[in-house]
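Overview (structure and organization)
Each chain, letter by letter, is given below.
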Amino acid sequence: MSASDSEAAGTLIVLEAGADAAGLRLDQWLAARLAPDLSRSRVQALIKQGAVSVGGKVVDEAKRKLTPGDQVAIDMPEPEPAEPEGEEIALDILFEDDELIVINKPAGLVVHPGAGNWTGTLVNALIHHCGDSLSGIGGVKRPGIVHRLDKETSGVMVVAKTDRAHKSLSEAFADHGRTGDLERAYDALVWGIPQRLTGTVDAPLGRHADRVRRAVVPEHRDDARHAITHFTVLERFGAEQGEFAAASLVECRLETGRTHQIRVHMAHIGHPVVGDPDYGQAFRTKSNRLPEPLKSAVKAFPRQALHARLLAFRHPATHLIMRFEAPLPRDMGELVEGFRNL
């Protein structure tokens, strides 16, 4: 029985330390033996809870050294109920198995409960949908969020259902595909036409002066975080209409994953995302140069025109490469079509 199965069932795992365990820390040895089902931090939490015993005696210190022949027992607790309540919210599910679920998130759906959004979130929806198939992330029966999309950004997301999947996917997203198999691509409708068809924005991000938004900041600032976005111009619209009517459909690929990264970086190079209420305010008057009905459509568009189109990753259990694409949602597709007709 795997560790994840045991945690779901609340059963006992008994292991014997071999010769290679001599002198190793208890948490280090257990994490290695139970990988990838349990992370080292999860093992440490179980030790603190008094769920681990050696030779029949409960051990509460993760640094306790092992001796060959030690009998180590882990009394896996039942996963605790998730704090957020499950809610029946429709989901566009692209794939689901025992380890993970892939969804096409609509614009307007908040990913995780928080201030001002304690209900009606993706997490609430997943708790209801997945039910008992959630084996427990860190001992809690909840979905494992390994990456997020802004509330008004649509597109493909993967969520872990087990500790093993959560650990594997978290590592992949932390690496951002630099050395692994993770691949992400976003489609953004931006104002103007970049001078180059392909380019890279390498500019650190930190907090804006208003403490809410993000901004490009000097790299020596304490809150500066390395941020790189690669972009490719897919289509150009209205070039013959002049600078004030032009727009582009751009593919963006992240080398890092900072909050609002694409939105800030595209605005930084003078091509903010159409409809962006936070980073494209200075370009709102551009819509006045557009012909009807596009002018009205742009003014009425309620969000940033940004869509997470592609997500590919290696499955944590089968080790196969999984690849998912979601077409532009209707509202953004109609806006792009309007620019095509300029």
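Fair warning: this is a prediction, and the values are worked out from it, not measured in the lab. (Residues numbered from 1 in each chain as written. Predicted model: local features only at pLDDT ≥ 70, side-chain atom pairs only at ≥ 80, totals over all residues. Heavy atoms only, no water.)

1. A word on the overall build of the chain
Each helix and strand in the chain was counted, giving eight helices and 18 strands. Here the C-alpha coordinates of the chain stretch approximately 80 × 45 × 40 Å along the principal axes. Of all 342 residues assigned to the chain, the portion counted as buried reaches 47%. Once local pairs closer than 6 in sequence are excluded, the contacts in the chain between residues at least 24 apart make up 68%. As displayed, the chain offers around 16400 Å² of accessible surface, 48% of which is attributable to carbon and sulfur atoms. Treating the 41 positive side-chain charges of the chain as one cloud and the 47 negative ones as another, the clouds have centres 6 Å apart. (Helix = DSSP H or I, 4+ residues; strand = E, 2+ residues; numbered from the N terminus. Buried < 20%, exposed > 50% of the residue type's maximum accessible area, 1.4 Å probe, protein only. Contact = heavy atoms within 4.5 Å. Areas by Shrake-Rupley, 256 points an atom, 1.4 Å probe, with all protein chains shown as cover. Lys, Arg positive; Asp, Glu negative; His and termini not counted. Charge placed at Lys NZ, Arg CZ, Asp CG, Glu CD.)

2. A short note on the nonpolar core
If you look at the biggest cluster of nonpolar residues, it comprises 44 residues, and the most contacted ones within it are Tyr186, Leu189, Val298, Leu335 and Phe339. Once residues within four sequence positions are removed from consideration, Tyr186 is found in contact with Leu149, Val250, Glu251, Cys252, Leu254, Ile262, Leu306, His307, Ala308 and Arg309. Of all hydrophobic cores here, the second largest spans 22 residues; its members include Leu15, Trp29, Leu30 and Val54. (Core = buried A, V, L, I, M, F, W, Y, C linked by side-chain atoms within 4.5 Å.)

3. Here's the deal with the packing of aromatic side chains
Taken as a whole and judged by the stated rule, the model has four aromatic pairs. Considering the side-chain rings of Phe237 and Phe339, the 6.3 Å spacing of their centres and the 35° angle between planes classify their relative orientation as tilted. You can see Phe237 sitting in strand β15 (residues 228-237) and its partner Phe339 sitting in helix α8 (residues 330-340), a full 102 residues away along the chain. What makes Phe339 buried here is its relative accessible area of 0%. (Phe/Tyr/Trp six-rings, centres within 6.5 Å; stacked < 30°, edge-to-face > 60°.)

4. Some thoughts on the pattern of salt bridges
With the rule as written, the count across this model stands at 22 salt bridges. Between Asp223 and Arg221 there is a salt bridge; the shortest N-O distance is 2.8 Å. On the basis of relative accessible area, Asp223 is assigned to the partly exposed category, the value being 22%. Here Glu235 ties to Arg340 by a salt bridge, and the two come within 2.6 Å at their closest N and O atoms. Here the residue Glu235 occupies a position in strand β15, and Arg340 occupies one in helix α8, the gap between them amounting to 105 residues. Residue classification places Glu235 among the partly exposed residues on the basis of a relative accessible area of 25%. Given the relative accessible area of 39%, Arg340 is considered partly exposed. Beyond isolated ion pairs, a larger network of salt bridges with shared partners links Glu183, Asp187, Glu251, Arg253, Arg309, Arg323 and Glu325. (Salt bridge = Lys/Arg side-chain N within 4 Å of Asp/Glu carboxyl O.)

5. Overview of the sheet that holds strand β2 (residues 52-54)
By definition, the strands of a sheet pair up through backbone hydrogen bonds, in either a parallel or an antiparallel sense. Taken in spatial order, the four strands make up an open sheet running β1-β4-β2-β3, and their pairing is antiparallel. Two strands lie at the open edges of the sheet, namely β1 (12-16) and β3 (57-58), each paired on one side alone. Taken together, the two bridges between β2 and β3 define a ladder with antiparallel strand orientation. Residue pairing across strands places Ser53 opposite Val58, the latter belonging to β3. (Pairing = 2+ DSSP bridges.)

6. Regarding the pairing of strand β7 (residues 100-105)
Both faces of the sheet carry side chains from a regular strand, because those side chains alternate between them. The buried fraction of β7 is high, at six of six residues. Note: strand β6 (residues 93-96) against β7, three bridges, orientation antiparallel. In the strand pairing of β7, Phe95 is matched with Val102. In textbook terms, the turn of a hairpin is the stretch between consecutive antiparallel strands, and for β6 and β7 this stretch comprises three residues. Bridge count for β7 against strand β10 (residues 154-160) is six bridges, and the pairing is antiparallel. Note that in β10 the partner of Asn104 across the bridge is Val156.

7. Some words on the environment of Pro218
Within the secondary structure, Pro218 sits in the loop between β14 (214-216) and β15. Note: C-alpha distance between Pro218 and Pro204 (14 residues apart in sequence) is 6.9 Å. Residue contacts for Pro218: discarding those within four places in its chain leaves Pro204 and Ala224.

8. Section: the confidence of the model for the chain
Looking at the chain as a whole, its pLDDT mean stands at 88, while 91% of the residues score no less than 70. Long-range and interchain partners of residues 1-9, a stretch whose pLDDT sits below 50, account for 27 contacts in this model, where long-range means more than four residues apart. (pLDDT = per-residue confidence, 0-100.)

9. Considerations on the environment of Gly56
Turning to its location among the elements, Gly56 is positioned in the loop between β2 and β3. In this structure, the C-alpha to C-alpha distance between Gly56 and Leu38, residues 18 residues apart in sequence, is 22 Å.

10. Observations regarding the side chain of Glu251
Tracing the sequence through the fold places Glu251 in strand β16 (residues 247-254). Judged by its relative accessible area of 13%, Glu251 falls in the buried class. Of note is the side chain of Glu251, whose polar atom sits 2.9 Å from the side chain of Arg253. Here the side chain of Glu251 touches Arg309 through a polar contact of 2.4 Å, side chain to side chain. Sequence-distant contacts of Glu251, defined by excluding residues within four places in its chain, comprise Ala185, Tyr186, Asp187, His230, Phe231, Thr232, Leu234 and Arg309. (Polar contact = N/O pair within 3.5 Å; in protein donor to acceptor, adjacent residues only side chain to side chain.)

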